[in-house]
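If you want the building blocks of each chain, they are given just below.
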Amino acid sequence: MEDNRYKIGQKIKEIRKKARVTQEIFSEKINIEPSSLSNIENGKSYPSMQTVLKIMDEFRVPPEQFFDYDYLVSGEELERQIVDIIKNRQLAYLDNYFS
């Protein structure tokens, strides 16, 4: 479930950044504290259903777009992908070096 919290938070952050507003302005528009928004965006807590509905209404985000966050990867997955890329580049470098 932690992964879903992270993805929902990242989706909300994406919506906020597309709207080009700060956390303070965004949180004011959806009637929550900036610290609560920060916790949501960082995957530390879930937004309430009221908050989700307010985001969709205030920022004109349809439900199918709001809940489409499968393309987002967790922090752990991103770290794994980066490590794999580095390993592959190191192996390619070594192959070229010893060839």
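Look a little higher up for the structure.
Rules used throughout
- Residues numbered from 1 in each chain as written.
- Predicted model: local features only at pLDDT ≥ 70, side-chain atom pairs only at ≥ 80, totals over all residues.
- Heavy atoms only, no water.
- Salt bridge = Lys/Arg side-chain N within 4 Å of Asp/Glu carboxyl O.
- Helix = DSSP H or I, 4+ residues; strand = E, 2+ residues; numbered from the N terminus.
- Buried < 20%, exposed > 50% of the residue type's maximum accessible area, 1.4 Å probe, protein only.

1. Quick look at the pattern of salt bridges
Okay, so step 1: As enumerated under the stated definition, the model contains four salt bridges in all.
Okay, so step 2: K18 is the partner of E14 in a salt bridge, and the nearest nitrogen-oxygen pair spans 3.9 Å. With E14 and K18 both in helix α1 (residues 2-18), this residue pair falls four residues apart, about one helical turn.
Okay, so step 3: Look at K18 and you get exposed, because its relative accessible area is 60%.
Okay, so step 4: Put simply, D84 and R80 hold a salt bridge, and the shortest N to O gap is 2.5 Å. Of the two residues, D84 and R80 both sit in helix α6 (residues 75-98), four residues apart, roughly one turn of that helix.

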